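Chain and residue survey
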Amino acid sequence: MSALLIRNIFFDKAPMHDGAMIIRDRRVYASGCYLPLSNADVNKDLGTRHRAALGLSEVSDAIVIVISEETGTISIAVDGELERGFDAVTLKSEILKYLLPSDMPMRAMVELGVIRRTKKNSKNINKIYLSKEDANKILARFIYNSLKKYDIKLCSFNGGNLHNAIPRDATAVIAIPNNHKEDIRVDYNIYASDVQAEYHITEPEMEFTMESTEKQTTCIDNNTAKNFIYAVHAVVNGVYAMSMDMPGLVETSSNLASVRTSESTIKIIASHRSSVMSALHSVRDTVAATFLLAGADVKHNEGYPGWKPNPQSPLLKTATETYKELFGKEPKVRAIHAGLECGLFLSEHPHLDMISVGPTLRGVHSPSERLLIETVNPVYTHLLTILERIPVK
């Protein structure tokens, strides 16, 4: 479907000028179609176009917008009744009256990793729970099941705001028929209890909230909302593959990092990581395929290339020996699952030997990320010692 194709119906010499064009799922389904004409007694100034609009509204639940070819007057036909004299502003308002349900709008929220603060000093963090659960996925799962049970409309969905962080909260606004508003509250409470039981080890401070909210001016059309929720619920998220070389190490993962809806767009950002480039491409394409099936446009950026650990690295051996000399204990040598810049360097200089060292960080890629200042100086001393031991080439 394209604007140029649709404009063909307005040219009297074009093959699709006569009859109606039917568009379904963003594709031209049929053209040159004849619509049922109404036999109602209408103003004699109204021609076949308006009679067809009325006729279509008599035999279907369609909201039919008709524009006079001679005067440009905008009219709406609903249930065999024709109302005239709309402009751009009043037309939108009138359509929303039909499209937006007079249902109760409800805001559903999921929050993960809640921070507890001490009574003595509210600025001191007593305990924080962080895991790899995704608030977007948890909320989409509830809406997925609700769509099968109720005639609801999705008005908005927002969760996460950083491409390299796991979303810790998500919020959706749905409109549900008034006679089911208490039913969905009960469902949400039951769902919250079930999910809290599932993740009671990794997410003991998970919180679920549902409350009434103000009436919405727009909602996402049913087909788009269904495709969107189904895709978010289905898309692979979290660990995709474990390393064959290093037991216990996550090799490849995907993160549904951010979901943002507006009046005209739904923007979803997913980030992928892997120490193996072919596996990185595999998870990237798997996620892309899910959203392509839902009718989305998918774009890729370069991201971080893979960096495969090398336990036999001469530089690693030097770093281990100098650490023991400086601090009198064995270092903790680990391969971690992260988008380290080493992968970028290695893509340009594949023969480099490299390791990654740094001060101690807590809560990385979360709202509570922090650096332990007392670990900075030992790392600096260690780095200088490593550089002194590296032979000049």
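We now turn to the structure provided with this report.

Criteria and cut-off values
- Residues numbered from 1 in each chain as written.
- Predicted model: local features only at pLDDT ≥ 70, side-chain atom pairs only at ≥ 80, totals over all residues.
- Heavy atoms only, no water.
- Disulfide = S-S within 2.5 Å.
- Helix = DSSP H or I, 4+ residues; strand = E, 2+ residues; numbered from the N terminus.
- Buried < 20%, exposed > 50% of the residue type's maximum accessible area, 1.4 Å probe, protein only.
- Expected span 1.5 Å × (residues − 1).
- Polar contact = N/O pair within 3.5 Å; in protein donor to acceptor, adjacent residues only side chain to side chain.
- Axes fitted to C-alpha atoms, helices over the stretch in contact; angles between N-to-C directions.
- Parallel < 35°, antiparallel > 145°, perpendicular 65-115°, else oblique.
- Left-handed = near helix turned anticlockwise from the far one by under 90°.
- Contact = heavy atoms within 4.5 Å.
- Nonpolar A, V, L, I, M, F, W, Y, C, P; charged D, E, K, R; others polar.
- Salt bridge = Lys/Arg side-chain N within 4 Å of Asp/Glu carboxyl O.
- Core = buried A, V, L, I, M, F, W, Y, C linked by side-chain atoms within 4.5 Å.
- Pairing = 2+ DSSP bridges.

A few words now on the state of the cysteines. Per the stated rule, a full pass over the model turns up 1 disulfide. The disulfide bridge from C155 ends at C219, spanning 2.3 Å between sulfur atoms. A residue pair is termed long-range when its members are at least 10 positions apart, and C155 in strand β9 (residues 153–159) and C219 in the loop between β11 (207–212) and α6 (222–234) qualify at 64 residues. Overall, the relative accessible area of 8% leaves C155 in the buried class.

Because an α-helix completes one turn every 3.6 residues, residues spaced three or four positions apart along the sequence face the same direction. Over its 15 residues, helix α4 (residues 135–149) runs 22 Å from end to end, which matches the ideal 21 Å to within 8%, given 1.5 Å per residue. Among all positions in α4, only A135, N136, K137, I138, L139, A140, F142, I143 and S146 are buried. At the N-terminal end of α4, a side-chain oxygen is found 2.8 Å from the backbone nitrogen of N136, two or three residues along, and the residue is D134.

Another aspect to go through is the packing of α4 against α6. When two helices pack together, their arrangement is given by the angle between the helix axes and by the axis-to-axis distance. The N-to-C vectors of α4 and α6 enclose an angle of 130°; their axes lie 8 Å apart at closest approach. Relative to α6, α4 is oriented oblique. Here α4 runs over α6; the crossing is left-handed. Contacts from N136, K137, A140, R141, I143, Y144, L147 and K148 in α4 reach K226, I229, Y230, V232, H233 and A234 in α6. Taken together, the residues of the contact of α4 with α6 sort by class into 8 nonpolar, 2 polar and 4 charged.

With that settled, the discussion passes to the pattern of salt bridges. Under the criterion given, the structure shown has 9 salt bridges. Residues K149 and D187 are paired through a salt bridge, measuring 3.1 Å at the closest nitrogen-oxygen approach. Within this pair, whereas K149 is found in helix α4, its partner D187 is found in helix α5 (residues 181–198), the two being separated by 38 residues in sequence. Overall, the relative accessible area of 17% leaves D187 in the buried class. For R389, the salt bridge identified is with E325, shortest N-O distance 2.6 Å. Residue R389 is located in helix α10 (residues 376–389), and its partner E325 is located in helix α8 (residues 314–327); the two are separated by 64 residues in the primary sequence. Taking relative accessible area as the criterion, R389 reaches 41% and is therefore assigned partly exposed. E325 sits in the exposed class, given a relative accessible area of 52%. In this structure, a network of salt bridges that share partners links the residues R107, E211 and E214.

The subject of this paragraph is the nonpolar core. Within the largest apolar cluster, 36 residues are counted, with the highest numbers of intra-cluster contacts made by L139, I143, L154, F157, Y188 and F208. Looking at which element gives the most residues to this core, the answer is α4, with 6 residues. If near-sequence neighbours (up to four positions away) are discounted, I143 is found in contact with L154, F157, A172 and I229. Among the nonpolar cores identified, the runner-up in size contains 7 residues, and L46, A53, L54 and V64 belong to it.

We now examine the side chain of T322. With respect to the element layout, T322 can be found in helix α8. Using a relative accessible area of 0% as the deciding quantity, one classes T322 as buried. Engagement of the side chain of T322 in a polar contact is seen with the backbone oxygen of T318, the distance being 2.9 Å. Contacts of T322, omitting those with residues within four sequence positions, involve H382, T385, I386 and R389.

Here helix α2 (residues 48–59) contains 12 residues, and its C-alpha end-to-end distance of 16 Å stays within 8% of the 16 Å for a straight helix at 1.5 Å per residue. Every buried residue of α2 is accounted for by H50, A52, A53, L54, G55 and S57. For α2, the elements touching its buried residues are β3 (64–67), β4 (74–78) and β5 (81–86).

The strand order across the open sheet formed by 3 strands is β3-β4-β5, and the pairing between neighbours is antiparallel. What marks the edges here is a single partner per strand, and that holds for β3 and β5. Averaged over neighbouring strand pairs, the angle between their axes works out to 25° when direction is ignored. Judged from the 5 bridges that link them, β4 and β5 form a sheet pairing that is antiparallel. Each bridged residue has a counterpart across the sheet, and for V78 the counterpart in β5 is E81.

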